[in-house]
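# Summary of the model geometry
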Amino acid sequence: MLDYMIHGEWGLRRPEVQTKLVYVGTTIRSLIEVTIVMKRRPTCFIFNILLPVVLLSFLNIFVFVIPVESGEKINYGEDTQF
């Protein structure tokens, strides 16, 4: 945990390190098991997925505000769908 840095998207919930002895045939081997439980923060979902989709959907309505005579209406409508 000395090298752990706080991350904006994920939160560390429960880190565990266990050592076990495993018998393989007639030999004994040591096994290190590392378990890391993390949880995604909900603000990451809102800012990275939900907010851009909502804003682009809102901006797409403004295609109908551009006058037909300008010739830019077709280009703007094609670019926003990708």
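Residues numbered from 1 in each chain as written. Predicted model: local features only at pLDDT ≥ 70, side-chain atom pairs only at ≥ 80, totals over all residues. Heavy atoms only, no water.

## Description of the overall build of the protein
Secondary structure summary: the protein contains two helices and two strands in total. Each helix (α) and strand (β) of the protein, taken in turn from the N terminus, gives the series β-β-α-α. Relative to its full complement of 82 residues, the protein shows a buried share of 5%. Surface accessibility of the protein: about 7600 Å² in total, with carbon and sulfur atoms responsible for 65%. (Helix = DSSP H or I, 4+ residues; strand = E, 2+ residues; numbered from the N terminus. Buried < 20%, exposed > 50% of the residue type's maximum accessible area, 1.4 Å probe, protein only. Areas by Shrake-Rupley, 256 points an atom, 1.4 Å probe, with all protein chains shown as cover.)

## Thoughts on the pattern of salt bridges
Applying the stated rule across the entire model yields two salt bridges. In this structure, the salt-bridge partner of Arg 14 is Glu 16, at a minimum N-O distance of 3.2 Å. On the accessibility criterion, Arg 14 (45% relative accessible area) is partly exposed. (Salt bridge = Lys/Arg side-chain N within 4 Å of Asp/Glu carboxyl O.)

## A word on the pairing of strand 1 (residues 10-24)
With 14 bridges joining them, strand 1 and strand 2 (residues 27-40) adopt antiparallel strand pairing. Opposite Val 24, over in strand 2, you have Thr 27 as the bridge partner. (Pairing = 2+ DSSP bridges.)

## Structural notes on the UniProt feature "transmembrane region" (unreviewed entry) in the protein
Following the UniProt record, one finds the feature "transmembrane region" (unreviewed entry) at residues 45-66. When the span residues 45-66 is considered, its composition is 73% helix and 0% strand, and the gap between its end C-alpha atoms is 32 Å. (UniProt positions renumbered as here; feature names shortened; annotations may be inferred.)

## Quick word on a nonpolar patch on the surface
Together, Phe 45, Ile 46, Phe 47, Ile 49, Leu 50, Leu 51, Val 54 and Leu 55 make up an exposed nonpolar region whose accessible area comes to about 740 Å². Secondary-structure assignment places Ile 49 in helix 1 (residues 42-60). Judged by relative accessible area, which is 45%, Ile 49 ranks as partly exposed. (Patch = residues over 30% accessible without salt bridge, like charges linked within 9 Å, V, L, I, M, F, W, Y side chains within 5 Å.)

## Describing the environment of Arg 40
Secondary-structure assignment places Arg 40 in strand 2. Each C-alpha atom, one on Arg 40 and one on Leu 12, is 9.0 Å from the other, the two residues being 28 residues apart in sequence.

## Re the confidence of the model for the protein
Across the protein, the average pLDDT comes to 80, with 83% of residues at or above 70. When mean pLDDT is taken per element in the protein, strand 2 scores highest with 91 and helix 2 (residues 72-79) scores lowest with 58. (pLDDT = per-residue confidence, 0-100.)

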